[in-house]
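Analysis of the macromolecular model
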Amino acid sequence: MQHRFQSIYDRLLDHYGPQSWWPADTPFEMMIGSILVQNTNWRNVNKALLQLRPHLEPVLIDKMPIDKLAQIIRSSGFFNIKAKRIKAFIDWFKDYDYDIGQLKKKDKNQLRYELLKINGIGRETADVMLLYAFHKPIFVVDAYARRIFYRIGFDMPTTYDGFRMVVEKALPSDLQLYNEYHALLVQHAKEHCKSSPICKGCPLNTICEQRLN
Ligand code: SF4
């Protein structure tokens, strides 16, 4: 299986080039963006981040009344729920003096366990934070990865962590590889492997079973 995951990665990288994710100026912006993007698209997140940018410091968001925060991030959708989630995240981050460096030193599994205990931080959100803010090598399982691997012909586990571990067992624990892999799968799902796929010209065409049902 190893060579197949690696081969997919190599073909995507060759076709799309390095994606250099996550699209954020700071790790803090990355983490807030990962909460805002839940159940919406990046265009709406960008609008919310534009409004939030003058306040994009942990201390400022901590002091901000939750109703005000909800209004500022309104364009991301589910804004009341997301404001609560951001506040819960800030409460946890505050316990570490908002120090990313301190958190980066923590063991990956322990850090993941703590993130998953925060209200509203699920596995996908925790894992993108681990990967793009805390620089821990981890494979992010999202709807795009599920769709692409299924269509190629892989029978992946249905559970989040089962899926993740199959990929992680097959690949080296390489931060740069996981950083690019997730971004490349997103790019591929947008350009070729859309809900109605464009298989002509797809870089995975020759290794894909094209299971479309
Ligand atoms: S060949 Fe078609 S189904 Fe297979 S990965 Fe490419 S776009 Fe998706």
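Because the structure is predicted, anything quoted here is derived from the model rather than measured. (Residues numbered from 1 in each chain as written. Predicted model: local features only at pLDDT ≥ 70, side-chain atom pairs only at ≥ 80, totals over all residues. Heavy atoms only, no water.)

Here we look at the nonpolar core
We apply this condition: Here, nonpolar core means buried Ala, Val, Leu, Ile, Met, Phe, Trp, Tyr and Cys residues that are tied together by side-chain atoms lying within 4.5 Å of each other. Per-residue accessibility, obtained with a 1.4 Å probe over protein chains only, is compared with the maximum for each type, and a residue is labelled buried under 20%, exposed over 50%, and partly exposed between these values. Boundaries between domains were set according to an automatic or database domain assignment. Contacts are residue-level and defined by heavy atoms, with any inter-residue pair within 4.5 Å sufficient.
Among the nonpolar cores identified, the biggest contains 70 residues, and Phe89, Trp92, Leu115, Phe134, Phe139, Phe149 and Tyr181 are the most heavily contacted of them. Shared between two domains, this core takes at least three residues from each, and those domains are domain 1 (2-20 + 139-207) and domain 2 (27-132). Setting aside its immediate chain neighbours within four residues, Phe134 contacts Met31, Trp92, Ile100, Leu103, Lys104, Leu111, Leu115 and Met129.

Quick look at the site of the ligand
Test applied: Think of it this way: one heavy atom of a residue within 4 Å of a molecule or strand is enough to make that residue near it. Buriedness of a pocket was judged along seven lines, with at least five required to meet protein on both sides within 12 Å; pockets are open sets of points on a 1 Å grid over the protein atoms alone, cavities are sets where a 1.4 Å probe fits but cannot get out, and lining residues have an atom within 4 Å of a point. Should more than half of a molecule's atoms lie within 2 Å of a pocket's or cavity's grid points, that molecule is taken to sit in it. For this classification, the nonpolar set comprises Ala, Val, Leu, Ile, Met, Phe, Trp, Tyr, Cys and Pro, the charged set comprises Asp, Glu, Lys and Arg, and every other residue, Gly included, is treated as polar.
Residues in close proximity to the ligand include Arg151, His188, His192, Cys193, Pro197, Ile198, Cys199, Cys202, Asn205, Cys208, Gln210 and Leu212, which together make up its full environment. Taken atom by atom, the bulk of the ligand overlaps the largest cavity. In terms of residue class, the shell around the ligand is built from seven nonpolar, four polar and one charged.

Here we look at the layout of surface pockets
As a reminder of what qualifies: Grid points are joined across faces, edges and corners, and a volume is the space filled by probe spheres set on the points. Helical segments are the DSSP runs of H or I of at least four residues, strand segments are the runs of E of at least two, and each set is numbered from the N terminus.
By volume, the largest pocket amounts to about 580 Å³. For the largest pocket, the lining is made up of 19 residues, of which Val37, Thr40, Glu124, Asp142 and Tyr144 are closest to its centre. For the lining of the largest pocket, the elements supplying multiple residues, two or more each, are helix H9 (123-132), helix H10 (143-152) and helix H12 (175-191). Looking at side-chain class alone, the lining of the largest pocket contains nine nonpolar, seven polar and three charged residues. Both domains that meet at the lining of the largest pocket, namely domain 1 (2-20 + 139-207) and domain 2 (27-132), each give it at least three residues.

Overview of empty space enclosed by the protein
For the structure on display, the rule yields one cavity of 30 Å³ or more. Within this model, the largest cavity holds a volume of roughly 110 Å³. Of the residues contributing to the lining of the largest cavity, the split by class is nine nonpolar, four polar and one charged.

Looking at the side chain of His182
Summarising the element assignment, His182 is placed in helix H12. The exposure class of His182 is buried, given its relative accessible area of 4%.

What to know about the pattern of salt bridges
As a reminder of what qualifies: By convention in these notes, a salt bridge is any Lys or Arg side-chain nitrogen within 4 Å of a carboxyl oxygen on Asp or Glu.
On inspection of all chains with the given rule, the structure shows nine salt bridges. Between Lys94 and Asp62 there is a salt bridge whose closest N-O contact spans 2.8 Å. Placement of the pair is Lys94 in helix H6 (residues 79-94) and Asp62 in helix H4 (residues 58-63), with a sequence separation of 32 residues. Asp161 is the partner of Arg112 in a salt bridge, and the nearest nitrogen-oxygen pair spans 2.8 Å. Here Arg112, found in helix H8 (residues 108-117), pairs with Asp161, found in helix H11 (residues 160-170); they are 49 residues apart in sequence, far enough to count as distant. Linked through salt bridges whose partners overlap, the residues forming this network are Arg112, Arg123, Asp127, Asp161, Arg164 and Glu168.

Things to note about the domain arrangement of the protein
Put simply, the rule is: Contacts described as polar in this section are N or O atom pairs within 3.5 Å, which, within protein, must combine one atom able to donate a hydrogen with one able to accept it, while residues neighboring in sequence count only if both atoms come from side chains.
Considered domain by domain, the protein is made up of domain 1 (2-20 + 139-207) and domain 2 (27-132). With 13 residues of domain 1 at the interface, the matching set in domain 2 holds eight residues. Across the domain 1-domain 2 interface, the total number found is two salt bridges. Linking domain 1 with domain 2 are four residue pairs in polar contact (both at pLDDT 80 or more), by the criterion used here. With five residues, H12 is the single largest residue contributor to the side of domain 1 that touches domain 2. For the side of domain 1 that touches domain 2, the per-class residue count stands at seven nonpolar, two polar and four charged.

A short note on the packing of H8 against H9
In helix packing, the relevant descriptors are the interaxial angle and the interaxial distance, both defined with respect to the helix axes. Convention followed: To get an axis, fit a line to the C-alpha atoms, keeping to the stretch in contact for a helix; angles then go from 0 to 180 degrees between the N-to-C directions. Orientation labels follow simple angle bins: below 35 degrees gives roughly parallel, above 145 gives roughly antiparallel, 65 to 115 gives roughly perpendicular, and whatever is left gives oblique. When the near helix sits turned anticlockwise from the far one by under a right angle, the crossing is termed left-handed; a clockwise turn instead gives a right-handed crossing.
For the pair H8 and H9, interaxial distance at closest approach is 9 Å and the crossing angle is 135 degrees. Classified by the angle between their axes, H8 and H9 sit oblique to one another. With respect to the hand of their crossing, H8 and H9 are arranged in right-handed fashion. Only Arg123, Ala126, Asp127, Met129 and Leu130 of H9 make contact with H8, whose side of the interface consists of Lys108, Leu111, Arg112, Leu115 and Leu116. A per-class count over the contact of H8 with H9 returns six nonpolar, no polar and four charged.

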